[in-house]
Amino acid sequence: MDMEMDIDAGVWNEQVARGYDESSAHMYAPEVLGPAVSFLEHRAGGNPALEFAVGTGRVALPLSACGVRAAGIEKSEPMARELGNKPGGDDVAVTIGDMTTASAPGPFGLVYVVYNSITCLLTQEEQVACFRNAARHLEPGGRFVIEVFVPELQRLPPGETARPFHIGDQHVGFDTYDLVNQRQVSHHYTIADGRGSTFSSPHRYVWPSELDLMGQLAGLELSERWADWKEAPFTASSRSHISVWQKPLHGPVAR
């Protein structure tokens, strides 16, 4: 199946939205979510923050609860409705649209994309457009933060095309790779209340150096790169990274 068609057909539909928080319960653990919110609150510096692909508000809601004026852009209306129905949901202004083109009332001191959502954009052109849209929303000196995995290709033995990324009592997830087209599909198998469900989402994996070039094209400068939200050093063996690009205080931003 063509992966662009799969996304457009509604991967993030009503059924997925209702079960999203439960299937991603491990991402709500205090030891996972707490450092992320703290990191982003610090980078916002008291200014408004905008989340691309805000989803059901896993990060935006606690960030708002910390006193940061939070907003979001979300392509899936069912996901946005789940956010709006939660306590504090009315405090997060959500714009329905694509994070490559949609505009939210700003400007913002922080724009961020978490939990690998940049890879939901399935072409290089779309990922570049996401950087440019972030730059348009940022005030001078503002920051663009991305949380994304490092492609696991060095862990793939010759001929193998699948790797697990989470194994738990109620959820098992693994990725399958298309090395020629720089694509992967994440497969989720979840058991809840004695019932099983499956969910698959396509992604375009992207290297840190490629993201840095996208930042340059958008007029942004790399200012930080960490292995995790706790600011562990990024090394050749890091499996993910938190990268921060900053909009210059002076000068034009690439269009």
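All of these numbers come straight from a predicted model, not from anything done at the bench. Every chain begins its residue count from 1, and numbering advances along the sequence as written. Local features are withheld for residues below a pLDDT of 70 in this predicted model, meaning they are given only at 70 or higher, and side-chain atom pairs are given and counted only at 80 or more; totals for whole chains, interfaces and linings count all residues. Side-chain measures were taken over the full set of non-hydrogen atoms in the model, leaving aside hydrogen atoms and water.

**A short note on the overall build of the protein**
Strands are runs of DSSP state E lasting at least two residues, helices are runs of H or I lasting at least four, and both sets are numbered from the N terminus onward. The helix and strand tally for the protein stands at seven helices and eleven strands. Burial classes follow relative accessibility: with a 1.4 Å probe on protein chains only, a residue under 20% of its type's maximum area counts as buried, one over 50% as exposed, and anything between as partly exposed. Buried positions account for 49% of the 255 residues belonging to the protein. Partitioning the intrachain contacts of the protein with sequence separation of at least 6 by distance along the chain shows that 62% fall at a separation of at least 24. In short, Shrake-Rupley with a 1.4 Å probe defines the accessible areas, and a residue's cover is counted only from the protein chains shown. Roughly 12,200 Å² of accessible area belongs to the protein as shown, and the carbon and sulfur atoms make up 53% of that amount. Any two residues having at least one pair of non-hydrogen atoms within 4.5 Å are treated as being in contact.

**Side note on the sheet that holds strand β7 (residues 171–178)**
Judged by pairing direction, the sheet is antiparallel, and its four strands sit side by side in the order β6-β7-β8-β9 without closing on themselves. The two strands at the open ends of the sheet, each matched to only one other strand, are β6 (162–167) and β9 (195–204). Within this sheet the neighbouring strands show an average axis-to-axis angle of 20 degrees, counted without direction. Bridging between β6 and β7 involves five bridges; their strand directions are antiparallel. Bridge pairing in β7 links P164 to F174. For two strands to be treated as a pair, DSSP must find at least two bridges joining them. Fitted lines through C-alpha atoms serve as axes, helices being fitted only where they are in contact, and the angles separating the N-to-C directions of these axes extend from 0 to 180 degrees.

**Observations regarding the side chain of S117**
Among the secondary structure elements, S117 is positioned in the loop between β4 (108–113) and α6 (124–137). Exposure remark for S117: the relative accessible area of 13% places this residue in the buried category. Ignoring sequence-local partners within four residues, the contact set of S117 consists of A53 and M99.

**What to know about the environment of P202**
Mapping P202 onto the fold places it in strand β9. Note on P202: relative accessible area 2%, which makes it buried. In the structure, P202 is positioned 19 residues away from R183 in sequence and 7.3 Å away in space, judged by C-alpha atoms.

**Some remarks on unusual backbone geometry**
Across residues other than glycine, the phi torsion is negative in most instances, and most of the peptide bonds are trans. Put simply, G106 and P107 share a cis peptide bond, and its omega is 5 degrees. Take P107: it is sitting in the loop between β3 (93–96) and β4. Backbone geometry places N116, a non-glycine residue, at a positive phi of 70 degrees. Along the chain, N116 turns up in the loop between β4 and α6.

**Digging into the pattern of salt bridges**
Here, a salt bridge means any side-chain nitrogen of Lys or Arg that lies within 4 Å of a carboxyl oxygen of Asp or Glu. Tallying each qualifying case throughout the model produces six salt bridges. A salt bridge links E152 to R239; its shortest N-O distance comes to 3.0 Å. Here E152 is found in the loop between β5 (138–149) and β6, whereas its partner R239 is found in the loop between β10 (221–226) and β11 (240–246), with 87 residues between them in sequence. Under the relative-accessibility criterion, E152 is labelled buried at 8%. If you follow the salt bridges from partner to partner, you end up with R43, E224 and E231 in one network.

**Digging into a nonpolar patch on the surface**
Side chains of I167, V172 and Y189 sit close together on the surface and give an oily, nonpolar patch of about 290 Å² of accessible area. Examined against the element boundaries, I167 turns out to sit in strand β6. Only residues above 30% relative accessible area that lack a salt bridge enter a patch, with like-charged residues linked at up to 9 Å and the nonpolar side chains Val, Leu, Ile, Met, Phe, Trp and Tyr linked at up to 5 Å.

**Observations regarding the packing of α6 against helix α7 (residues 208–217)**
Axis separation between α6 and α7 bottoms out at 8 Å; the angle between their running directions is 50 degrees. The angle between α6 and α7 falls in the class oblique. Considering how the two elements wind past one another, α6 and α7 form a crossing that is right-handed. Between α6 and α7, the residues in contact are Q124, Q127, V128, F131 and R132 and E210, L211, M214, G215 and L217, respectively. Of the residues that constitute the contact of α6 with α7, the class distribution is five nonpolar, three polar and two charged. Oblique is the label for every angle not falling under 35 degrees (roughly parallel), over 145 degrees (roughly antiparallel), or within 65 to 115 degrees (roughly perpendicular). Crossing handedness is read from the near helix: turned anticlockwise from the far helix by less than a right angle, it gives a left-handed crossing, and turned clockwise, a right-handed one. Under the grouping applied here, Gly and all other residues not named as nonpolar or charged are polar, the nonpolar ones being Ala, Val, Leu, Ile, Met, Phe, Trp, Tyr, Cys and Pro and the charged ones Asp, Glu, Lys and Arg.

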